[in-house]
Amino acid sequence: MAKQGTGARGWSGRVAAAWLAACLGLPAAHAADEGPVRIGVLVDLEGTYADIGGLGAVEAVRMAVEDAGGSVLGKPIEVVSAGGQNKADVAANIARQWYDSGVDVITDLPSSAMALAVINLANEKKKLALVTSAGSSDITGRFCSPYAAHWTWDTYAMAKGTGAGVVKQGGTDWYFLTADYVFGQALERDTAAVVKANGGRVLGAVRHPLNTQDFSSFLLQAQSSKAKILGLANGGTDTINAIKQAREFGLTDSMQLVALIAFLSDVHSLGLTVAQGLLLTEAFYWDQDEETRAWSRRFFARMKRMPSMTQAGAYSGTLHYLKAVKAVGSKNPEAVMAQMRRTPINDFMTRDGVLRPDGRVVRDMYLFQAKTPAESTGEWDLYKLVRRIPGNEAFRPLGEGGCPLVP
């Protein structure tokens, strides 16, 4: 991680002149205008995050391409995809090959380690990265990049939405079950800060490897803490397995489970008998209004399941990017990103969203609760809205993240 931080400081000065030129409408020092627009979708095909991104994210990007007309700058838009195995080195190798062969932007990026590796390459190659799945708030903090956008959610927003909401309801004594990598550590850190700021206490934490199958020893440590809240700072199948095993072991008789990041697919996999009452924060739910339902039905017709927020985010980010390319009449990355920042983001999942200088997309977030089986009217009728969280409340203030691009 130190190496990545040093890289961030080094390139921030080098890109300043090019970035200023783009903002002022001056010719950029380089232009990658030859050839068609190529979009790379780097996903998890078989692992922990396959259901929340995976082939569904690829299909969402294709839907965005179709809705953009299928071509831009007089050439058909091309989409390539691959699985990154949730490994930074694998993702970096694929991204390098893609950027070198003419891919203009890479999106999805399910793990924070993958995202940071690809962002480092984007800085080096002066290409773009739209992070729609990974969650570490460091992506728009110390590792922020003028060539990257963090589109859908982050650990700070989840902490503010779910963590603060639980404390305000009386859940003041916390213990964390944390995935032992960049994302989990950031989620625990951000949530612990929110808990303490709202008058709660953190009694301890235990960390587990990615893709853990047996949580028994970790859950016993949590139970022995005497905390009332077990904050699950993990994701995907790790969250699902931890919730299932906690209920099997009777842990929920003495502790309330709080999923600091959970997705529609997780609740669907668990079933409402297990998941009922679970509080979680999301950027999108398919049944919010007519626009979300219409887009989600299109997605369902292709994938036979309702979309996650990150799959919706893959569509949103791709479409906004393609609109910017069309508006500036070029693939030039500095000019395109400047246009993306200037233009409010409006689509079925976003109302007047803003892409900030640190790369953070500020959007409304939503605190949901999983319904009881009796409340649900169908297979995918899983959430009820607790609260809308305005974007300026949900996300970290611009000046507090340590981004070197922010004065």
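About the cut-offs
Residues numbered from 1 in each chain as written. Predicted model: local features only at pLDDT ≥ 70, side-chain atom pairs only at ≥ 80, totals over all residues. Heavy atoms only, no water. Pairing = 2+ DSSP bridges. Helix = DSSP H or I, 4+ residues; strand = E, 2+ residues; numbered from the N terminus. Axes fitted to C-alpha atoms, helices over the stretch in contact; angles between N-to-C directions. Contact = heavy atoms within 4.5 Å. Buried < 20%, exposed > 50% of the residue type's maximum accessible area, 1.4 Å probe, protein only. Phe/Tyr/Trp six-rings, centres within 6.5 Å; stacked < 30°, edge-to-face > 60°. UniProt positions renumbered as here; feature names shortened; annotations may be inferred.

A. Layout of the sheet that holds strand S11 (residues 256-259). Pairing within the open sheet is parallel, and its 4 strands lie in the order S9-S8-S10-S11. What marks the edges here is a single partner per strand, and that holds for strand S9 (201-208) and S11. With direction set aside, neighbouring strand axes in the sheet form an average angle of 20 degrees. Two strands pair when backbone bridges link them, and strand S8 (residues 173-179) and S9 are joined in this way by 7 bridges, in the parallel orientation. Bridging from a neighbouring strand, phenylalanine 176 pairs with alanine 205 of S9. Contacting S8, S9 and strand S10 (229-233), helix H6 (residues 182-197) runs over the sheet at an angle of about 170 degrees to S8.

B. Inspection of the environment of tyrosine 175 at higher detail. Structurally, the position occupied by tyrosine 175 is in strand S8. Residue class for tyrosine 175 comes out buried when judged on its relative accessible area of 6%. In this structure, tyrosine 175 is in contact with Leu203, Gly204, Ala205, Val206, Gln221, Ala222, Ser225, Ala227, Ile229, Leu230, Gly231 and Met255, ignoring residues within four places of it in sequence.

C. Local environment of the packing of aromatic side chains. On inspection of all chains with the given rule, the structure shows 16 aromatic pairs. Taken together, Phe284, Trp295, Phe299, Tyr315 and Phe348 form an aromatic cluster joined through their ring pairs.

D. Geometry of the UniProt feature "domain: Leucine-binding protein" (unreviewed entry) in the chain. As recorded in UniProt, the sites labelled "domain: Leucine-binding protein" (unreviewed entry) are residues 36-371. Here residues 36-371 runs as 44% helix and 21% strand, with 46 Å between its end C-alpha atoms.

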